[in-house]
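The lines below spell out each chain.
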Amino acid sequence: MAFLPTQHIFILWALFIIVLQSYNPTLVKAAPKSSLVTKLPGFNGTFPSKHYSGYVKLNGTKPSKNLFYYFVESERNPGKDPVVLWLNGGPGCSSFDGFVYEHGPFNFEKGKKKGDLPSLHLNPYSWSKVSNIIYLDSPSGVGFSYPLLPTNSSQTATDSHAFLLKWLELFPEFQANPFYLSGESFAGIYVPTLAAEIDNGIRNGAKPKINLKGYMVGNGVTGSDFDGDSSLLSFVHGMAIIPDQLYKEAESCVNISNQEENKCQTTWSKIGSATEELNIYDILEPCYHSQNPEQSNTTSSPMKSFYELGKSNNRAMPVRNRMFGRAWPYRAHVKDGKVPTWQQLHESRLLHGLSVPCFDDEVANTYLNDARVRKAIHASPKAQNWSLCVGLDYYQDLGSMIPFHKNLTAKGYKALIYSGDHDMCVPYTGTERWTASMGYEIVDEWRPWFTDNQVAGFLQGYAHNLTFLTIKGAGHTVPEYKPSESLHFYDNWLQGNKI
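Notes on the structure follow. This one's a predicted model, so the numbers in the text were calculated from it and none came from an experiment.

1. Details of helix α5 (residues 187–203)
Here's step 1: Between the first and last C-alpha of α5 there are 24 Å, a value that for 17 residues agrees with the 24 Å anticipated at 1.5 Å per step.
Here's step 2: Of all 17 residues in α5, 13 are buried; the element is thus mostly enclosed.
Here's step 3: Two residues or fewer after α5 comes G205, characterised by a positive phi angle close to 80°.

2. Looking at the sheet that holds strand β11 (residues 337–339)
Here's step 1: The sheet built from 3 strands is open, its strands ordered β8-β12-β11 with mixed pairing. Edge strands, defined here as strands with exactly one partner in the open sheet, are β8 (151–152) and β11.
Here's step 2: Relative to strand β12 (residues 394–396), β11 runs antiparallel, the two sharing 3 bridges. Each bridged residue has a counterpart across the sheet, and for G337 the counterpart in β12 is Q396.

3. Comments concerning the packing of aromatic side chains
Here's step 1: Following the criterion strictly, the structure yields 36 aromatic pairs and no others.
Here's step 2: Centroid distance F99 to F106: 6.4 Å. Interplanar angle 65°. Geometry classified as edge-to-face. Residue F99 shares its accessibility class with F106, and that shared class is buried.
Here's step 3: With centroids separated by 5.9 Å and ring planes inclined at 85°, the aromatic side chains of W449 and F489 adopt a geometry described as edge-to-face. Of this pair, W449 sits in strand β14 (residues 442–451) while F489 is found in helix α16 (residues 483–495), placing the two residues 40 residues apart along the sequence.

4. Considerations on the packing of α5 against helix α13 (residues 402–410)
Here's step 1: Across the interface, α5 lies against α13 with an axial gap of 10 Å and an inter-helix angle of 45°. Between α5 and α13, the crossing angle belongs to the class labelled oblique. α13 is crossed by α5, and the crossing has left-handed handedness. Side by side, α5 and α13 meet where P192, T193, A195 and A196 of the first sit next to F404, H405 and L408 of the second.
Here's step 2: Tallied by class, the residues present in the contact of α5 with α13 amount to 5 nonpolar, 2 polar and no charged.

5. Overview of the nonpolar core
Here's step 1: By size, the foremost hydrophobic cluster in this structure holds 125 residues, and its most contacted members are L40, L181, L368, I377, F489 and Y490.
Here's step 2: At 8 residues, the largest contribution of residues to this core is made by α5.
Here's step 3: Aside from chain neighbours lying at most four places away, what touches Y490 is V84, W127, V130, S131, I133 and M216.

Cut-off values and rules
Residues numbered from 1 in each chain as written. Predicted model: local features only at pLDDT ≥ 70, side-chain atom pairs only at ≥ 80, totals over all residues. Heavy atoms only, no water. Helix = DSSP H or I, 4+ residues; strand = E, 2+ residues; numbered from the N terminus. Expected span 1.5 Å × (residues − 1). Buried < 20%, exposed > 50% of the residue type's maximum accessible area, 1.4 Å probe, protein only. Pairing = 2+ DSSP bridges. Phe/Tyr/Trp six-rings, centres within 6.5 Å; stacked < 30°, edge-to-face > 60°. Axes fitted to C-alpha atoms, helices over the stretch in contact; angles between N-to-C directions. Parallel < 35°, antiparallel > 145°, perpendicular 65-115°, else oblique. Left-handed = near helix turned anticlockwise from the far one by under 90°. Contact = heavy atoms within 4.5 Å. Nonpolar A, V, L, I, M, F, W, Y, C, P; charged D, E, K, R; others polar. Core = buried A, V, L, I, M, F, W, Y, C linked by side-chain atoms within 4.5 Å.

Rendered as structure tokens:
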């Protein structure tokens, strides 16, 4: 009988110890094969990373809630790169808005004829280039999630937290990855309230533990002290939309109690007349007020060179001719109570023979309501026809978001608050003010940041890892307007690098 030399036995034993120490039982499990997306209609190439989609069922209510997700693994290093949850706003708007129009893995090219399926091309500026990203339709009833139920900010945060815990059980290989929350517009409510819910869960021993590191919010609503008339007034004045004299008249009308006075009504009517023909999501982009994008009820057309100001040289697809749905209602304040949705405002205006300006999401509607697409992404037959936004009975019950941001940043979670600087719906002026109001020491004084040796915007860094950042020439949905610049700040912020 032959025996191995002593030194060989030692080497084999050492290798066994190394393998044992590196063993992680969660890595043995794999993402559910039934959720794997292997192909998508309209795309003829090979996915650069794995895609999954499906439902997470939340029990505890009758009927149960079924939240739909689309998950894209990182193209770089899915085992190490952060996992990022993306939420669109509304309230009541699907996160496929971000997937189709902003930073998803594909650019969607409109079909040649109305109703033709769009063609898909790889997006060189997809956020999945550098991160794993989950697009979640939330709350229940939004997008492909079902059923449609009344909800509020507290319940939405609770449901999204429950979704994440169950999702990480389905995808245990991502439990150790750094985790971030992100979103825009009314997700200025969703993101910090969910972050607080996750933090409470961590402190109370919720399993699996979510490795939360921070969050980011783009052009997000925050609270009545900073959203609404005050920020709008300073924005339209700074953008030369109203003259000095009108600005001075309106300053005394910012106080809500004064707005019933005839003088203030007249003043705001003048401001409304100055802004009503503008695209509120990006004042540099054209806005159409009819159901035909080629027709407009505008009395004059700005020069083509004006439209060119907001364009990005490396944007593969044109910005939607008309945009609608992801924005918080114009001149509204975030306050407790029932929240009016754009869908409800749209229906109300149609009853009076009016249309909501800048309304068109034909590409997403055509694609996501195609039976072949719904089958490919595992959308349930029980889910309603997909629409960008639904009429959702939603109640805000948590007040201003400032205390949430203070508590979260004080606990060590880093926060990036960014603004497209030509968005008139949630202007950067209010966001700049509320980030400054936190009272944190400035550690990175106001300065430009660059992409390809060009100024891409400006930023100011505060203590507790709070950063306010603008994107030059971008509108409400920042990555749609400035894809390269967006990927630049997104990647550097996630990696902890200087932007």
